[in-house]
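Single-letter residue listing:
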Amino acid sequence: MNFRFLQGIVDAVKRAAKRFPGAVICGITASFAGILVVGSEGEGPWLRLFFAGSLGLPLFTSVVLLGERHRVASGSRWIFNGLSAAFLVVLYFLFGRWEDESQVQRYFHLSATLHMAAAMVPYLGVREPNGFWQFNRALFFRFGLAGIYAGALYLGLALALAAIDNLLGIAVPDETYERLFFLNAFIVHPLFFLAGVPSDFADLERNREYPAGLKVFSQYVMLPLVAVYVTILTVYMGKILVTGTWPSGWISYLVSSLAVGGIFSLLMVHPERLREERGWIHRYALAFWISILPSAVMVLLALWQRFQQYGITERRYLLGVLAVWLAGTAIYHIVTRTREIRGIPFSLAVVGAITFVGPWSAYSVAERSQVSRIEGILSASGVLSDDEVSPGPWEIPFEDWLQVEGAVRYLVENHGTSALQPWMDGGLPVADTASGADQEVSRILQELGLRPAPGGRSVQIRLAGRREPVSVVGFERMVIGEGNGEVQVGGDPLQVALSQDSLALVLRLGDREEARASVAPLIERAEQPGRVPAAGSFRFNETERVDVPGDVLALDLSGDTLSALLLLRSITLEDRTVGWIATGFSFDAVLLRRNEEP
């Protein structure tokens, strides 16, 4: 056995622990908190501890790098470390005040901000462009290499556990694999990564190494790929101008991918860009920034449309801020023709911090926007008067009810309902998402006394699980079908369709109507849950879905010469101003038989 190799690993671990003690402690804390989260019913405190501990990794790493690079005195370093620890303690308690969905969003938001800070903090006020690039290259490669090592170790140990379980008959609980992941992800990986973080900043500035593999990847993979994305977006922008339509909301993700890929590719070729003989890269960078400007404008237009329709959410707010940042960065690079890259992570870290806290943060703005949507609708309907909800029940237009329901659902899942408390005499019961968001939203709408006015409600009744076996005794033929598609029976087309008044399902053979069945029993089923989504149903694309057993969706169709059993898979019903009608359906099969002659 190569003991020298093992000694090297031990020395690297000691070096990382000595240089970054705060980060190592946070990694160990996050690992064991994650282990305790696995299989824990009351995961709240441990999950919050995991969030705080894992955020301490980039935070304490930044503190050490700041102290080393700027030669901060020992006493001041202790102050920075103490402030960082206090910040994590505050975060631990703040996470407990936020709803589950908001916890995750805020965690990733703050994690991205702190990682950006770690990438640029050693070069605050220091103009060493090559050293900055070499430092971040080293971090990037070390992070990837640490991931490979930790991943290989996890895979090897997981296979060993599986062998013990399957070959030796010693039971290994499934949770063990998840706990093993936390050990590798937050102890092994950070230790290996931190052991390779550069410390000689002067040597980084002198280092002119540019890996050949990175050069090939950036110039012959990333840059052409970015060019393809730019072409697609340019063609799409032309389509928008010709057709006069609004940009699709999906464009936000495409432009985000383009921005990430394009900026990353420019960062990778930065050393080549500084060479005079590589002027084509500088021209490529200028073309990229010019092309990204209209794409950012399209994102803002698409987001503005959704702001008007559905209000602001954290995701839309952050996409909008990033689009503004992207446009501003593009204009700056176009005007100045700068080759400086330090401003990119620095400005992103500043934007991340600004949008995280304060009344201008993504979370405060989004909550106010959704509350304002509810307030505007309730005030216009007369439900809300003098900042107080009048006693109900109130019937409001179905479209307005959908808007209120969506905004209340958002508040329940992300912020709670404290902002609605002042409207209720005696207050509104605190949101309890443990019972399920659907039930909680229904309860709050009932507390507000809101019901949708007749007309507009849409319900899809569908098969729950697998259909029970159906007897085919007495039937002569079974036709498999879906929707309104036609099939051939005896040379004539067989069609199942909605009747002209949309209140029955009709069986036609050729051009003759052979049998029909009323959808009235299904309409009764649609009305049973009431006008507020009931437990066991959920909303999707503004349609309430209700699962029912197969016998409810088995309809007898009777006619003079033919009878049939129609096995529906689902049927969609809408409550129009004239009453309920069927608007669509799908079926698994039709069983046919000819009626006996009298």
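Use the structure listed above.
Residues numbered from 1 in each chain as written. Predicted model: local features only at pLDDT ≥ 70, side-chain atom pairs only at ≥ 80, totals over all residues. Heavy atoms only, no water.

### Quick word on the overall build of the protein
Thought 1: Within the protein, the regular secondary structure consists of 18 helices and 15 strands.
Thought 2: Per-residue burial for the protein yields a buried fraction of 45% across its 598 residues.
Thought 3: In the protein, the proportion of contacts linking residues at least 24 apart, taken out of those at least 6 apart, comes to 72%.
Thought 4: Here the protein displays about 30,700 Å² of accessible surface, and carbon together with sulfur accounts for 61% of that area. (Helix = DSSP H or I, 4+ residues; strand = E, 2+ residues; numbered from the N terminus. Buried < 20%, exposed > 50% of the residue type's maximum accessible area, 1.4 Å probe, protein only. Contact = heavy atoms within 4.5 Å. Areas by Shrake-Rupley, 256 points an atom, 1.4 Å probe, with all protein chains shown as cover.)

### Quick notes on helix α13 (residues 314-336)
Thought 1: Taking 1.5 Å of rise per residue, 23 residues should cover 33 Å, and α13 covers 32 Å from first to last C-alpha, within 8% of that figure.
Thought 2: Listed as buried for α13 are Glu 314, Tyr 317, Leu 319, Gly 320, Ala 323, Trp 325, Leu 326, Ala 327, Thr 329, Ala 330 and His 333.
Thought 3: Positioned one or two residues after α13, Arg 337 has a phi angle of 55°, which is positive. (Expected span 1.5 Å × (residues − 1).)

### A closer look at the pairing of strand β8 (residues 492-498)
Thought 1: Inspection of the sheet shows β8 paired to strand β9 (residues 504-509) by five bridges, in the antiparallel sense. Residue pairing in the sheet places Val 496 in a bridge with Leu 507 of β9.
Thought 2: Two successive antiparallel strands, β8 and β9, enclose a turn made up of five residues, where Ser 502 displays a positive phi of approximately 60°. (Pairing = 2+ DSSP bridges.)

### So, the nonpolar core
Thought 1: Counting 85 residues, the largest nonpolar core has Phe 50 and Leu 326 as the members making the most contacts within it.
Thought 2: The element that contributes the greatest number of residues to this core is helix α12 (residues 279-310), accounting for 10 residues.
Thought 3: What Leu 326 contacts, discounting residues up to four positions off in sequence, is Val 255, Ala 259, Ile 263, Trp 289, Ile 292 and Ala 296.
Thought 4: Core analysis: the next-biggest nonpolar cluster, separate from the first, contains 33 residues, Val 519, Val 552, Ala 564 and Leu 568 among them. (Core = buried A, V, L, I, M, F, W, Y, C linked by side-chain atoms within 4.5 Å.)

### Let's talk about the environment of Leu 55
Thought 1: Locating Leu 55 in the fold gives a position in helix α3 (residues 44-69).
Thought 2: Residues Leu 55 and Tyr 107 lie 52 residues apart in sequence; the distance between their C-alpha atoms is 8.0 Å.

### Considerations on helix α7 (residues 174-195)
Thought 1: Helix length check: α7, at 22 residues, gives a terminal C-alpha distance of 32 Å against a target of 32 Å (1.5 Å per residue), a fit within 8%.
Thought 2: Where α7 bends most, at Asn 184, the angle is about 30°.
Thought 3: For α7, the complete set of buried residues consists of Tyr 177, Leu 180, Phe 182, Asn 184, Phe 186, Ile 187, His 189, Pro 190, Leu 191, Phe 193, Leu 194 and Ala 195. (Bend = angle between axes of the 7 residues up to and from the residue.)

### Observations concerning the packing of α13 against helix α15 (residues 362-380)
Think of two packed helices as two axes; the pair is described by the angle between the axes and how far apart they sit.
Thought 1: Where α13 contacts α15, the two axes come as close as 8 Å, and the packing angle between them is 125°. In terms of their interaxial angle, α13 and α15 are classed as oblique. By crossing handedness, the relation of α13 to α15 is classed as right-handed. Where α13 abuts α15, its residues Glu 314, Tyr 317 and Leu 318 lie against Ala 362, Tyr 363, Val 365 and Ala 366. (Axes fitted to C-alpha atoms, helices over the stretch in contact; angles between N-to-C directions. Parallel < 35°, antiparallel > 145°, perpendicular 65-115°, else oblique. Left-handed = near helix turned anticlockwise from the far one by under 90°.)

### Re the pattern of salt bridges
One side chain can pair with another of opposite charge once the charged atoms of both are near each other.
Thought 1: Counted under the stated rule, the structure contains seven salt bridges.
Thought 2: Close ionic contact of Asp 547 with Arg 462 constitutes a salt bridge, the shortest N to O distance being 2.6 Å. With a gap of 85 residues between them, Asp 547 in strand β12 (residues 543-548) and Arg 462 in strand β5 (residues 457-463) connect regions that are remote in the sequence.
Thought 3: Overall, Arg 462 belongs to the partly exposed group, its relative accessible area being 25%.
Thought 4: Across the pair Asp 588 and Arg 569 runs a salt bridge, and its minimum N-O distance is 2.4 Å. Within this pair, whereas Asp 588 is found in strand β15 (residues 579-594), its partner Arg 569 is found in strand β14 (residues 562-576), the two being separated by 19 residues in sequence.
Thought 5: Classification of Asp 588 by relative accessible area gives partly exposed; the value is 22%.
Thought 6: Here Arg 569 falls in the partly exposed class, since its relative accessible area comes to 33%. (Salt bridge = Lys/Arg side-chain N within 4 Å of Asp/Glu carboxyl O.)

### Thoughts on the packing of aromatic side chains
Thought 1: Under the definition given, this model contains 22 aromatic pairs.
Thought 2: With a centroid separation of 5.2 Å and 70° between ring planes, the pair formed by Tyr 107 and Phe 108 is classed as edge-to-face.
Thought 3: Look at Phe 108 and you get exposed, because its relative accessible area is 54%.
Thought 4: A ring pair is formed by Phe 140 and Phe 141, whose centres lie 5.9 Å apart and whose planes are at 90°; its orientation type is edge-to-face.
Thought 5: In this structure Phe 141 comes out as partly exposed when scored by relative accessible area, which is 39%.
Thought 6: Following the ring pairs from residue to residue traces out a cluster consisting of Phe 50, Phe 51, Phe 95, Trp 98, Tyr 107, Phe 108, Tyr 154, Phe 181, Phe 182, Phe 186, Phe 356 and Tyr 363.
Thought 7: One Lys or Arg, Arg 106, reaches over the ring of Tyr 363 and ends 4.1 Å from the middle of that ring.
Thought 8: Positioned above the aromatic ring of Phe 192, the side-chain terminus of Arg 142 is 4.1 Å from the ring centre. (Phe/Tyr/Trp six-rings, centres within 6.5 Å; stacked < 30°, edge-to-face > 60°. Lys NZ or Arg CZ within 6 Å of the ring centre and 35° of its normal.)

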